[in-house]
Amino acid sequence: MSDFEKLKEELKDKLFKAQNSQEVDIIRTEIFGKNGLINLEFKKLGSLSPEDKKKLASEINRAKQELTKLFNDKAEKLVDVEIDEKVKKEKDDVTLPEKEFRLGKIHPVSQVIDEISSIFSEIGFSVEEGPDVESEYYNFTALNTPENHPAKDMHDTFYIDKNMKTLLRTHTSPVQVRTMLNGKPPFKIIAPGRTYRSDSDQTHTPMFHQLEGLHIDENINMGHLKGCLNYFIKEFFEIDKIKMRFRPSHFPFTEPSAEVDIGYKIQNNKIVIGEGDKWLEILGCGMVHPNVLKNSKVDPNKYQGYAFGIGIDRLAMLKYGINDLRSFFECDYRWLNYYGFDPLDVPTNYRGLSK
Ligand code: PHE
């Protein structure tokens, strides 16, 4: 019998006699540890001829398998024994108060993303996703953004590398390009997700959420865009009458471009959507620029369509009366408990208020 075999048998015997998991742990190190039986034997391989090497290696591996199995069996047995002993010793104290049971809550942002997705899915939009860490190309260049555009400035955008080629996406619009490059028209998608800009006050946080919309087909025009947004706002705020206005604006990736405001008023310290003479901006939109279609391998002479980008957090604040955006991301359990939603109350096709 070789030294290795002898030692192995000794350790097996020790393992067999071990009484508790501490003892087993010590033997485990003696066998499988850095300077244990198996490793020391493996170290001998270096000085052997190729043939002997093969022979010894398979011998060690066989021993390793055998020992592993013995260890697992032993560990299982000991755990059972130890649990039995513990249970025998413990006595239940029936006078102790029960532990408080808390159900988690759905964050208003997740809730609103679900609501919006469900509203758009009813008129044929499917959901797409894109990465938070984006290339400068998809975030700006492919979206027809000129080199000197102010949004590309270091003060506005979080760049990840020194040569400004990788960044945290500043909007969800890059998903437009990614989706079009990945498929064939027509496209009818929404893309919710996190976006990042170097900004922080009561209505801005460095990370916020947007929802991109894109509809491309042969005969899509601005009327479709208006109809779609009108439907969405009514469904989302659960109102029949909606005051909505399109204000001319500029985005490099849409032409023409517009910003959409909805009318509201303050009544008894509460915001009432759809009436009144105040206006609140909620999204940017427009007809997708032919250059964006070209960059996305879609023929602009055959296809056209609209895109929009909705600020999700802002909609959540409006619908659920939350007035500081920063509180969304402070992870305060009391806040979430108050503004969050019960998971069990919210079926997957849920729409509307549950509180
Ligand atoms: N990406 C724009 C923004 O972040 C919004 C937008 C999306 C505008 C799609 C037009 C079309 O402000």
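Nothing here was measured: the structure is a model prediction, and the numbers come from that model. (Residues numbered from 1 in each chain as written. Predicted model: local features only at pLDDT ≥ 70, side-chain atom pairs only at ≥ 80, totals over all residues. Heavy atoms only, no water.)

### Here's the deal with a nonpolar patch on the surface
As a reminder of what qualifies: To count toward a patch, a residue needs a relative accessible area over 30% and no salt bridge; like charges are then connected within 9 Å, while nonpolar side chains (Val, Leu, Ile, Met, Phe, Trp, Tyr) are connected within 5 Å. Accessible areas in this description were obtained via Shrake-Rupley with a 1.4 Å probe; residue shielding takes into account the shown protein chains only. Salt bridges are identified by distance alone: a Lys or Arg side-chain nitrogen within 4 Å of an Asp or Glu carboxyl oxygen. For the purposes of this entry, the term helix denotes a DSSP run of H or I that reaches at least four residues, the term strand denotes a run of E that reaches at least two, and both are numbered from the N terminus. Exposure classes here rest on a 1.4 Å probe applied to the protein chains alone. A residue is buried below 20% of its type maximum, exposed above 50%, and partly exposed in between.
Judged by side-chain polarity, V79, I83 and V87 come together as a nonpolar surface patch covering roughly 260 Å² of accessible area. One can find V79 in helix α4 (residues 50-89). V79 sits in the partly exposed class, given a relative accessible area of 43%.

### Considering the packing of helix α5 (residues 108-121) against helix α8 (residues 222-237)
How two helices sit against one another is set out by the angle between their axes and by the gap between those axes. Note the cut-off: For helices, the fitted line uses only the C-alpha atoms of the stretch in contact; every axis is such a line through C-alpha atoms, and the angle between N-to-C directions lies from 0 to 180 degrees. Angles below 35 degrees are treated as roughly parallel, those above 145 as roughly antiparallel, those between 65 and 115 as roughly perpendicular, and all remaining angles as oblique. Crossings are assigned a handedness: left-handed for a near helix turned anticlockwise from the far helix by less than a right angle, right-handed for a clockwise turn. Every residue pair with non-hydrogen atoms within 4.5 Å of one another is taken to be in contact. For this classification, the nonpolar set comprises Ala, Val, Leu, Ile, Met, Phe, Trp, Tyr, Cys and Pro, the charged set comprises Asp, Glu, Lys and Arg, and every other residue, Gly included, is treated as polar.
Relative to each other, α5 and α8 sit at 130°, their axes nearing to 10 Å. Compared by their axis directions, α5 and α8 come out oblique. For the pair α5 and α8, the sense of crossing is right-handed. Counted together, V112, E115, I116, I119 and F120 of α5 and C228, Y231, F232, E235 and F236 of α8 form the full contact between these two elements. Within the contact of α5 with α8, the residues separate by chemical class into eight nonpolar, no polar and two charged.

### Some thoughts on the packing of aromatic side chains
This is how the line gets drawn: Note on ring pairs: Phe, Tyr and Trp rings are taken, using the six-membered ring of Trp, and paired if centres are within 6.5 Å. Classes follow the plane angle, with under 30 degrees stacked, over 60 edge-to-face and the rest tilted.
For the structure shown, the criterion picks out 14 aromatic pairs. Ring centres of F328 and F329 lie 5.9 Å apart, and the angle between their planes is 50°; this geometry places the pair in the tilted category. When its relative accessible area of 3% is taken as the criterion, F328 is described as buried. Among the residues examined, F329 registers a relative accessible area of 26% and is labelled partly exposed.

### Structural notes on the nonpolar core
Stated precisely, the cut-off is as follows: Take the buried residues of types Ala, Val, Leu, Ile, Met, Phe, Trp, Tyr and Cys, join any two whose side-chain atoms come within 4.5 Å, and each joined set is a nonpolar core.
Counting 45 residues, the largest nonpolar core has F120, F232 and F308 as the members making the most contacts within it. Looking at this core, the elements with two or more residues in it are α5, α8, β7 (254-267), β9 (278-288), β10 (304-311), α10 (312-320) and α11 (333-339). Broken down by element, this core gets its largest block of residues, seven residues, from α8. Residue contacts for F232: discarding those within four places in its chain leaves I116, I119, F120, I310 and L315.

### Observations concerning the packing of α5 against α10
With their axes 9 Å apart at the nearest point, α5 and α10 run at an angle of 100° to one another. With respect to α10, the axis of α5 lies roughly perpendicular. Residues P108, V109, Q111, V112, I113, E115 and I116 of α5 form the contact with α10, whose own contacting residues are I312, D313, L315, A316, K319 and Y320.

### Side note on the domain arrangement of the protein
Counted only if it meets this: For the purposes of this description, domain bounds are those given by an automatic or database domain assignment.
Taken domain by domain, the protein holds domain 1 (3-89) and domain 2 (108-339). Relative placement of domain 1 and domain 2: their C-alpha centres are 60 Å apart.

### Quick word on the pattern of salt bridges
In a structure, side chains of opposite charge can pair up when their charged atoms sit close to one another. In this structure the tally under the stated criterion is 23 salt bridges. A salt bridge links D261 to R247; its shortest N-O distance comes to 2.8 Å. With a gap of 14 residues between them, D261 in strand β7 and R247 in strand β6 (residues 244-251) connect regions that are remote in the sequence. Via salt bridges that share partners, R245, R247, E259, D261 and E281 belong to a single interconnected network.

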